[in-house]
Amino acid sequence: QAKAAGRNALRFFNPSMQAKVMARTTLEADLRWALEHDEFVLYYQPQVNAQGQTLGFEALVRWQHPMRGLVPPGEFIATAESCGLIVPLGRWILHTACQQLVAWASQAPQDQWTIAVNVSAQQFRQTDFVAQVQKVLQKTGAHPARLELELTESQLVDDIPSVIDKMGALRDLGVRLSLDDFGTGYSSLAMLKRLPLNQLKIDQAFVRDMLKDPQDAAIIRAIVTMGESLSLDVIAEGVELTAQRDALLSLGCRYYQGYLFGRPTAQPTPCQM
Ligand code: C2E
Ligand code: MG
Ligand code: MG
Ligand code: MG
């Protein structure tokens, strides 16, 4: 029996898998080191209205690696999620974003700017997530109404009643809630109606193809209509072209984020248009 299991283990645990496990273990250890040694940085990308005025920024994490340079989140967030490191990393991200809000609080128009923070599934699932957010707000003294949390559809389908409770408690703290990458996942109109959201964020895939694919434009129009009927703001992300912005405006979408208005930068830089 044991021998058979041993043979199976050998058969399935081949050298290439071993290499993958090693790489993963190394990345986990590197991420732990990085968090302890302050190697993460937040970049900020402007979010604008139809007049091109900056209303706030999305905070996007990067890893300033001593050898690899600036590492994008796509290369480490999933691993940080699976090894649990996303919890302390997520807390650092929230804390850093709130400190930025406090730094702006004494002068106009910065004092009105918001910061949107991406919340990972694992982080949101923590039973004390609401308490964590509350603690960060208290510690930093950031104005809750300037903090927006971005959730994704996939993390809201788990256990809907408890998700709704949690979102309600966050709204009670005064923070804003936005549904990121909207349109790609599965959420019904009935479910959306029950969620205490402030904003829908149209996934950038629809924006990317909207000028050549009428179906993508139609989906955007439907999202805007849905947002209006549920009293939610609708923002489009991944806006790179003036023609996309114009088409979005004609579909009724009045908030935008994308390279057209500004790339993510280490120093929050408002849109210059
Ligand atoms: P997301 O939240 O949907 O963020 C938008 C992504 O689109 C960002 O990539 C941003 O740099 C990129 N982007 C912005 N404007 C444009 C544009 O005009 N064109 C194109 N092609 N791309 C644009 P980034 O920074 O690489 O982040 C990727 C994803 O990683 C994010 O998607 C988010 O899911 C995750 N992420 C980033 N920062 C954090 C964080 O602090 N915490 C967590 N949990 N996840 C994060
Ligand atoms: Mg986001
Ligand atoms: Mg997104
Ligand atoms: Mg995305």
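Residues numbered from 1 in each chain as written. Chains lettered and ligands numbered in written order. Predicted model: local features only at pLDDT ≥ 70, side-chain atom pairs only at ≥ 80, totals over all residues. Heavy atoms only, no water.

By the naming in an unreviewed UniProt entry, the chain is Diguanylate cyclase/phosphodiesterase with PAS/PAC sensor(S), taken from Rhodoferax lithotrophicus.

As a further point, take the site of ligand 1. Near ligand 1, the surroundings consist of 21 residues, among which Q45, R62, N118, E240 and Y259 are the closest. A distance of 2.8 Å separates an oxygen atom of ligand 1 from a polar side-chain atom of R62. Backbone polar atom of Y259 to an oxygen atom of ligand 1: 2.8 Å apart, as the coordinates give it. Within the residue set of the shell around ligand 1, elements represented by two or more residues are β2 (54-65) and β6 (176-182). (Near = heavy atom within 4 Å. Polar contact = N/O pair within 3.5 Å; in protein donor to acceptor, adjacent residues only side chain to side chain. Helix = DSSP H or I, 4+ residues; strand = E, 2+ residues; numbered from the N terminus.)

With that settled, consider the pattern of salt bridges. Under the counting rule described, the total for this entry stands at nine salt bridges. We note a salt bridge from K201 to E150, for which the minimum N-O separation is 2.6 Å. Of the two residues, K201 sits in strand β7 (residues 199-202) while E150 sits in strand β5 (residues 147-152), which places them 51 residues apart along the sequence. Each member of the pair K201 and E150 is classed as buried. Look at the salt bridges and you will find they share partners, linking E58, E150 and K201 into a network. (Salt bridge = Lys/Arg side-chain N within 4 Å of Asp/Glu carboxyl O. Buried < 20%, exposed > 50% of the residue type's maximum accessible area, 1.4 Å probe, protein only.)

Glancing now at the coordination of the magnesium ion (ligand 2). Bound to the magnesium ion (ligand 2) on the protein side are E58 (OE), N118 (OD1), E150 (OE) and D180 (OD), at distances that span 2.0 to 2.3 Å. Summarised as a motif, the one-chain spacing of the donors to the magnesium ion (ligand 2) is E-x59-N-x31-E-x29-D. A distance of 4.1 Å spans the gap from the magnesium ion (ligand 2) to the magnesium ion (ligand 3), which D180 bridges by coordinating each metal. A residue pair is termed long-range when its members are at least 10 positions apart, and E58 in strand β2 and D180 in strand β6 qualify at 122 residues. Just as E58 is buried, D180 falls in that class too. (Donors = N, O, S within 2.8 Å, 3.2 Å for Na, K, Ca; no water.)

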